[in-house]
Amino acid sequence: MVQISARASELRAAIERATGLRADVRLAVGSTRISIPSPPESAPTWSELLKALRTADRWGSVTADGRTVVWAQVEDRP
């Protein structure tokens, strides 16, 4: 299991709670990126998901291969 900061762990848990989806976690030097498939626009989970995403240092979405992924990034602080 990947060891991530408490802040990243809290964000991942909030994203998973909001969507009911298991998040993908990727580590890079100095940051952690958490991503999930984008819920449908009509999903009632968007309000809670946006609340969680706004706690990240950066967040956004990307579409590739016809699939949209929502991501949030936490910068590690010394």
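Residues numbered from 1 in each chain as written. Predicted model: local features only at pLDDT ≥ 70, side-chain atom pairs only at ≥ 80, totals over all residues. Heavy atoms only, no water.

**Topic: the nonpolar core**
Phase 1: Counting 16 residues, the largest nonpolar core has Leu11, Ile15, Ile34, Ile36, Leu49, Leu53 and Ala72 as its most contacted members.
Phase 2: Taken together, the elements giving at least two residues each to this core come down to helix H1 (6-19), strand E2 (31-37), helix H2 (46-53) and strand E4 (67-75).
Phase 3: At five residues, H1 tops the list of elements feeding residues into this core.
Phase 4: Aside from chain neighbours lying at most four places away, what touches Ile34 is Ala8, Leu11, Arg12, Ile15, Ala23, Asp24, Val25, Val70, Trp71 and Ala72. (Core = buried A, V, L, I, M, F, W, Y, C linked by side-chain atoms within 4.5 Å. Buried < 20%, exposed > 50% of the residue type's maximum accessible area, 1.4 Å probe, protein only. Helix = DSSP H or I, 4+ residues; strand = E, 2+ residues; numbered from the N terminus. Contact = heavy atoms within 4.5 Å.)

**A word on unusual backbone geometry**
Phase 1: With a phi close to 55 degrees, Asp65 is a non-glycine residue in the positive phi region.
Phase 2: Tracing the sequence through the fold places Asp65 in the loop between strand E3 (58-64) and E4.
Phase 3: Asp65 sits in the exposed class, given a relative accessible area of 83%.

**Some remarks on the packing of aromatic side chains**
Phase 1: Considering all chains together, one arrives at zero aromatic pairs under this definition.
Phase 2: The lysine or arginine in question, Arg33, covers the ring of Trp71, its NZ or CZ lying 3.8 Å from the ring centre. (Phe/Tyr/Trp six-rings, centres within 6.5 Å; stacked < 30°, edge-to-face > 60°. Lys NZ or Arg CZ within 6 Å of the ring centre and 35° of its normal.)

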